[in-house]
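One-letter residues, chain by chain:
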Amino acid sequence: MTLAETPNQENSLNPLLTLNYEPALESLGDDYYDEVAAEEFPQHILRWRNDALLSDLGLNPPAVTDEDFITAFGKFQGRKPLLALRYHGYQFGTYNPQLGDGRGFLYGQVRATNGELYDFGTKGSGRTPYSRGGDGMLTLKGGVREVLAAEALYQMGVRTSRCLSMIETGLSLWRGDEPSPTRSSVMVRMSSSHIRFGTFERFHYLQRPDLTQKLLDHVIEYYYRHLVNQTDKYALFYAELVQRVAELVAQWMAAGFCHGVLNTDNMSITGESFDYGPYAFIPTYDPYFTAAYFDYYKRYCYGHQPGICQWNLEMLQEPLKAIIDIADMQAGLASFDHYYGAEYRRLMLKKLGFEELNHPEADELLELTIKFLKESQVGYHLFFFEMARTFSAKWRDDPAGVLNNSEIVPTADTSAIFDNWCILYHKILNHFDLDQMVNIAQNLSQHNPQTVLLRPVIESIWQPIVEADDWQFFRDLIYQIQTKQ
């Protein structure tokens, strides 16, 4: 055996490289992507591997070594072609045709054990034709933040991409928004699809409805398979996308999550959440809380997220109207508020302990909860966690006992609202049998974790990494998130 053959022999034994990769998007042709090469990094240190996702791919985690991850997802050996996807998008409301995968590529597509097709997409893997002067890299802190966000949102029930691996690469990067030089990383994200709203918008800009049609048929074939044989499959696709996006943003809102940059190139055609840059979890209920420091006019603030996602869906009608009747799309979009409201109501009631609550007081309880959170500015996540921590069946006996042993202390200005909330919660509890108190306690515990990725929490695990290359706090935080502690 020659030296040149040795890597191929090693690759054939790497479980990550012997997965059954499908050329689904590749089969569309090079109108949709450019073939690119990965950066060659001076160093490869595996900082995160998501063994839970290995199981979903039918792999036995102990059989996949750290070196397997580094070979596949750090050195990028044994996989071709690597595809930088082309797309445009509305960025802060202004159309930008100078976009595309600028620091990542589609590594491959594989079937999970559930039969669904998933993408492996990189972030921080080097320059592409769409880097536009950027270096195509990802800071180590950016990689850490995305790993944390994806795992936290997944555990909170949000339909989200997840990180399969993160490798420190040994490069020093210069960034204006953080101390420089800073360390670098390359990440592999597993998501349902990297096709974006902006992928369709690009073909409208290029006046290529034929390529729009081809892409739409591809999306329905792979991600809306139940619609393939429907005579009105295109209108049904758009209506279902509206539902998926409405429910996704309701999941963000209930989780107290602000994505930060909801440009149309950050909207997945499958209605999945992905690409976590300047995200943040709200510390208190503030509709104008903004995650991105450069969002000067609060376009993408927490409270604007439902309206922005609805606007993005409306903008998507422009390229799709070459195939789908505009009246059908307008009818589909008209259901956005209904889907959003129903999902938000359901999720917030779960945070309050109730699987289903059809009593007339349910909506009043939600309104009173938001009113108290907004006016008191107690910690959004603290309020619900304290409900879980202190809940007792004795709350049925006396409204004065509700949250009386908690850290929730209303101010003089909000004590009346709080008292009314306690009275109403006490009243609703009395609609349930004593035996059902166990279910309410379980709901409170399941949907209100103690560990939430507020900015100080992220900084507390980042400092040991910077100062002492100590990753134990990061590992502990991941464990707490995954076990909902």
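Residues numbered from 1 in each chain as written. Predicted model: local features only at pLDDT ≥ 70, side-chain atom pairs only at ≥ 80, totals over all residues. Heavy atoms only, no water.

**Student:** Looking at this structure, how should I read the overall build of the protein?
**Tutor:** In terms of helices and strands, the protein carries 16 helices and twelve strands. A principal-axis box enclosing the C-alpha atoms of the protein has dimensions of 80 × 60 × 45 Å. Burial statistics for the protein: of 485 residues in total, 56% are counted as buried. Long-range contacts, defined here as pairs at least 24 residues apart, represent 71% of the contacts in the protein between residues at least 6 apart. For the protein, the computed accessible surface area is about 20,700 Å², with 48% contributed by carbon and sulfur atoms. Separation between the mean location of the 41 positive side-chain charges and that of the 62 negative ones in the protein comes to 2 Å. (Helix = DSSP H or I, 4+ residues; strand = E, 2+ residues; numbered from the N terminus. Buried < 20%, exposed > 50% of the residue type's maximum accessible area, 1.4 Å probe, protein only. Contact = heavy atoms within 4.5 Å. Areas by Shrake-Rupley, 256 points an atom, 1.4 Å probe, with all protein chains shown as cover. Lys, Arg positive; Asp, Glu negative; His and termini not counted. Charge placed at Lys NZ, Arg CZ, Asp CG, Glu CD.)

**Student:** Where do I start with the packing of aromatic side chains in this structure?
**Tutor:** Two descriptors summarise a pair of aromatic rings, namely the distance from one centre to the other and the angle between the planes of the rings. The tally for this structure, following the rule as stated, stands at 37 aromatic pairs. Where Phe-383 meets Phe-384, the ring centres are 5.3 Å apart and the plane angle is 85 degrees; that geometry is what we call edge-to-face. Comparing Phe-383 with Phe-384 shows no difference in burial state: the two are buried. Across the ring face of Tyr-154, the terminal group of Arg-162 is positioned such that the distance to the ring centre comes to 3.7 Å. Geometry around Tyr-224 places Arg-244 over its ring, the cationic atom sitting 3.9 Å from the centre. (Phe/Tyr/Trp six-rings, centres within 6.5 Å; stacked < 30°, edge-to-face > 60°. Lys NZ or Arg CZ within 6 Å of the ring centre and 35° of its normal.)

**Student:** Even after reading the chapter, I still don't get the environment of Leu-117, so can you show me in this structure?
**Tutor:** Mapping Leu-117 onto the fold places it in strand β7 (residues 117–123). A sequence separation of 296 residues divides Leu-117 from Asp-413, and the C-alpha atoms of the two residues are 53 Å apart. Ignoring sequence-local partners within four residues, the contact set of Leu-117 consists of Glu-22, Ala-24, Gln-109, Val-110, Arg-111, Ser-192, Tyr-222 and Tyr-223.

**Student:** Looking at this model, I keep getting lost on helix α16 (residues 472–482). Mind explaining?
**Tutor:** Helical geometry: 3.6 residues make up each α-helical turn, so side chains three or four residues apart lie on a common side. For α16, the complete set of buried residues consists of Phe-474, Leu-477, Ile-478 and Ile-481. Down the axis of α16, the buried set is contained in an arc of 100 degrees. They therefore lie on one face. Each element contacted by the buried residues of α16 is listed here: β2 (45–49), α4 (140–155) and α15 (455–468). Count one or two residues on from α16 and you reach Lys-484, which has phi positive near 60 degrees. (Arc of directions from axis to C-beta.)

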